[in-house]
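Architecture at a glance
Okay, here's what each chain looks like letter by letter:
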Amino acid sequence: MDAIKIIEAGSAQKQLPDFSIGDTVRVGVRIREGKNERVQMFEGTVIAIKGSGISKTFTVRRISYGVGIERVFPYNSANVDSVEIVRRGKVRRAKLYYLRSRVGKSAKVKADI
């Protein structure tokens, strides 16, 4: 554990916007195809934030063609190009895993006005 803390203290952490659970975010992911590199956007609801420091991750869930897709992004990954907040969500839970079993309108998160 001490080695991780030493690496964490010496590395410059990436500055991402302050988002929380329930927010709808658009994550720009760098994708390398051969020699070319492009940025692909992944938009969905943040259902979990885990860890702290250099090993902190967040999970984004979206429904694509009727199939739920979840991606876990490390906060300090070089492949995460940008994160922009589309809308704020109002939730009362730290993890929104219950959204996995819901479909339609019941799978929506209320907007925080």
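Computed from a predicted model, the values in this text were never measured in an experiment.

Rules of the game
- Residues numbered from 1 in each chain as written.
- Predicted model: local features only at pLDDT ≥ 70, side-chain atom pairs only at ≥ 80, totals over all residues.
- Heavy atoms only, no water.
- pLDDT = per-residue confidence, 0-100.
- Helix = DSSP H or I, 4+ residues; strand = E, 2+ residues; numbered from the N terminus.
- Salt bridge = Lys/Arg side-chain N within 4 Å of Asp/Glu carboxyl O.
- Buried < 20%, exposed > 50% of the residue type's maximum accessible area, 1.4 Å probe, protein only.
- Pairing = 2+ DSSP bridges.
- Contact = heavy atoms within 4.5 Å.
- Patch = residues over 30% accessible without salt bridge, like charges linked within 9 Å, V, L, I, M, F, W, Y side chains within 5 Å.
- Areas by Shrake-Rupley, 256 points an atom, 1.4 Å probe, with all protein chains shown as cover.
- Lys, Arg positive; Asp, Glu negative; His and termini not counted.
- Charge placed at Lys NZ, Arg CZ, Asp CG, Glu CD.
- Core = buried A, V, L, I, M, F, W, Y, C linked by side-chain atoms within 4.5 Å.
- Axes fitted to C-alpha atoms, helices over the stretch in contact; angles between N-to-C directions.

Confidence in the prediction of the protein chain, expressed as mean pLDDT, is 89, and 93% of residues score 70 or more. Looking at the elements of the protein chain, mean pLDDT is at its lowest for helix 1 (residues 2–10), recorded as 70, and at its highest for strand 2 (residues 36–50), recorded as 95.

Turning next to the pattern of salt bridges. This model, assessed by the stated rule, comprises nine salt bridges. Arginine 30 is the salt-bridge partner of aspartate 81, the closest N and O atoms lying 2.9 Å from each other. Here the residue aspartate 81 occupies a position in strand 5 (residues 80–87), and arginine 30 occupies one in strand 1 (residues 24–33), the gap between them amounting to 51 residues. On the basis of relative accessible area, aspartate 81 is assigned to the partly exposed category, the value being 35%. Between arginine 32 and glutamate 37 there is a salt bridge whose closest N-O contact spans 3.0 Å.

Our next topic: unusual backbone geometry. Phi is positive for tyrosine 65, close to 55 degrees, though the residue is something other than glycine. Within the element layout of this structure, tyrosine 65 appears in the loop between strand 3 (57–64) and strand 4 (67–74). The class for tyrosine 65 is exposed, based on a relative accessible area of 84%.

A few words on the pairing of strand 1. Here strand 1 runs beside strand 2; their pairing, made up of ten bridges, is antiparallel. Across the sheet, the residue bridging to isoleucine 31 is arginine 38, located in strand 2. Here strand 1 hands over to strand 2 after two residues, with glycine 34 in that stretch at a positive phi of 70 degrees. As paired elements, strand 1 and strand 5 share six bridges and run antiparallel to each other. Bridge pairing in strand 5 links glycine 28 to serine 82.

Moving on, we come to the side chain of arginine 61. Its location among the elements puts arginine 61 in strand 3. Arginine 61 sits in the buried class, given a relative accessible area of 15%. Ignoring anything within four residues of it in the chain, the contact list for arginine 61 reads Gly44, Thr45, Ile47, Gly68, Ile69, Glu70, Leu99 and Arg100.

Take a positive patch on the surface next. On the surface, a cluster of positive charge is contributed by Lys90, Arg92, Arg93 and Lys110. Taking the relative accessible area as the measure of exposure, arginine 92 reaches 80% and is therefore exposed.

Core analysis: the largest hydrophobic core is formed by 20 residues, its most contacted members being Phe19, Val27, Phe58, Val60, Phe73 and Val83. Broken down by secondary-structure element, the contributors of at least two residues to this core are strand 1, strand 2, strand 3 and strand 5. Here this core takes five residues from strand 2, the largest share from any one element.

As a further point, take the sheet that holds strand 5. The pairing of strands in a sheet happens through backbone hydrogen bonds and is either parallel or antiparallel. If you walk across this open sheet you meet the five strands as 4-3-2-1-5, and the pairing is antiparallel. At either end of the open sheet lies a strand with only one pairing partner, and these are strand 4 and strand 5. The sheet shows a mean angle of 40 degrees between the axes of neighbouring strands, direction not considered.

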